[in-house]
Amino acid sequence: FVNLEAGKGGVYRENGRLLESSRHRRRSKDFTAGNETLLDQDRIGLISRKLPGKWVYLGWYFNHYGHFLLESLARSWFLLDQGETDVRGYLFHLHARDGRPNGRNMEVLELLGLHREEVAFIDRDLRVERLVVPTLLMVLSRAMHDSMHAVYRRIATRAQALAKKERYPGKIYVSRRLLPEGQRKAVN
């Protein structure tokens with residue numbers, strides 16, 4: 001957490017170069033612009049924490065519910081592919097002033113089939129044996145790829161099924177449908 005509009009953390013190749021596809025875009029800005037584009041070899045040599053196996057980088061976990069729904073789920077289309085069975089876990093950078101993830105947002109990830117114990121938050125440099133970095137399919141106030149609709153449909157379908165079992169009695173969804181056009185439009 002740097003501030004409300006910036007976070008520091010990214011994915012780097014073995015040679016120390018920032019993986020451009022790990023950047024997080026927001027509106028017309030690069031949310032991760034403060035990241036170094038090249039890590040020096042001495043710093044890389046000091047990284048002792050290593051995660052074995054295959055992991056998936058899901059980007060930034062925003063505690064704010066709206067930003068979580070739009071931005072933190074932007075790489076989650078990967079979770080819809082049930083063919084991935086050898087994944088050890090899922091990594092997020094955490095954007096939270098207090099350094100703790102909002103547990104309510106974890107409920108949404110569970111609706112996508114991701115269990116809490118599979119999620120790890122990157123809080124210091126680490127090495128990953130194999131890392132999958134899904135493409136960012138949503139840029140806040142800019143664009144949303146059609147594939148994101150399947151993510152939201154999955155969440156809605158599973159939430160509806162759970163509501164019928166009364167796991168979430170009394171919870172409601174507040175729509176933005178009646179807000180002025182500029183405050184609710186999903187662009188592109």
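To start, this report covers the structure provided alongside it. (Residues numbered from 1 in each chain as written. Predicted model: local features only at pLDDT ≥ 70, side-chain atom pairs only at ≥ 80, totals over all residues. Heavy atoms only, no water.)

## Remarks on the pattern of salt bridges
Overall, the coordinates contain 16 salt bridges when judged by the stated rule. In this structure, D123 engages R49 in a salt bridge whose closest nitrogen and oxygen atoms are separated by 3.7 Å. Of this pair, D123 sits in the loop between strand 5 (119-122) and strand 6 (127-132) while R49 sits in the loop between helix 1 (41-45) and strand 3 (50-62), placing them 74 residues apart in sequence. Overall, the relative accessible area of 26% leaves R49 in the partly exposed class. (Salt bridge = Lys/Arg side-chain N within 4 Å of Asp/Glu carboxyl O. Helix = DSSP H or I, 4+ residues; strand = E, 2+ residues; numbered from the N terminus. Buried < 20%, exposed > 50% of the residue type's maximum accessible area, 1.4 Å probe, protein only.)

## As for the side chain of S72
You can see S72 is positioned in helix 2 (residues 65-72). At 2.7 Å, the side chain of S72 and the backbone oxygen of W60 are in polar contact. Beyond its immediate stretch of four places on either side in the chain, S72 contacts L58, W60, Y61, F62, H67 and F92. (Polar contact = N/O pair within 3.5 Å; in protein donor to acceptor, adjacent residues only side chain to side chain. Contact = heavy atoms within 4.5 Å.)

## Concerning the environment of Y61
Position of Y61 relative to the elements: it lies in strand 3. Residues in contact with Y61, not counting those within four places in the same chain, are F68, S72, F92, H93, L94, H95, P101, N102, N105, M106, L109 and F121. Engagement of the side chain of Y61 in a polar contact is seen with the backbone oxygen of N102, the distance being 2.5 Å.

## Description of the pairing of strand 3
With 11 of 13 residues buried, strand 3 lies mostly within the body of the structure. Both strand 3 and strand 4 (residues 87-95) contribute to a ladder of seven bridges, which runs parallel. Bridge pairing in strand 4 places W60 opposite H93. (Pairing = 2+ DSSP bridges.)

## Considering the packing of aromatic side chains
Across all of its chains, the model carries seven aromatic pairs by this definition. Ring centres of F31 and W60 lie 5.3 Å apart, and the angle between their planes is 75°; on these two criteria the pair is classed as edge-to-face. Taken together, the residues span a long stretch of sequence, with F31 in the loop between strand 2 (29-30) and helix 1 and W60 in strand 3 at a distance of 29 residues. Considering the side-chain rings of F31 and F62, the 5.3 Å spacing of their centres and the 70° angle between planes classify their relative orientation as edge-to-face. Of this pair, F31 sits in the loop between strand 2 and helix 1 while F62 is found in strand 3, placing the two residues 31 residues apart along the sequence. Considered together, F31 and F62 belong to a single accessibility category, that of buried residues. (Phe/Tyr/Trp six-rings, centres within 6.5 Å; stacked < 30°, edge-to-face > 60°.)

## So, the sheet that holds strand 6
Judged by pairing direction, the sheet is parallel, and its four strands sit side by side in the order 5-4-3-6 without closing on themselves. Each edge of the sheet is formed by a strand with only one pairing partner; in this case those strands are strand 5 and strand 6. Averaged over all pairs of adjacent strands, the angle between their axes in this sheet comes to 50°, without regard to strand direction. In terms of strand pairing, strand 3 meets strand 6 through five bridges, oriented parallel. Residue pairing across strands places V56 opposite V132, the latter belonging to strand 6. Relative to strand 3, helix 2 is tilted by about 125°, and along the sheet it contacts strand 3 and strand 4. (Axes fitted to C-alpha atoms, helices over the stretch in contact; angles between N-to-C directions.)

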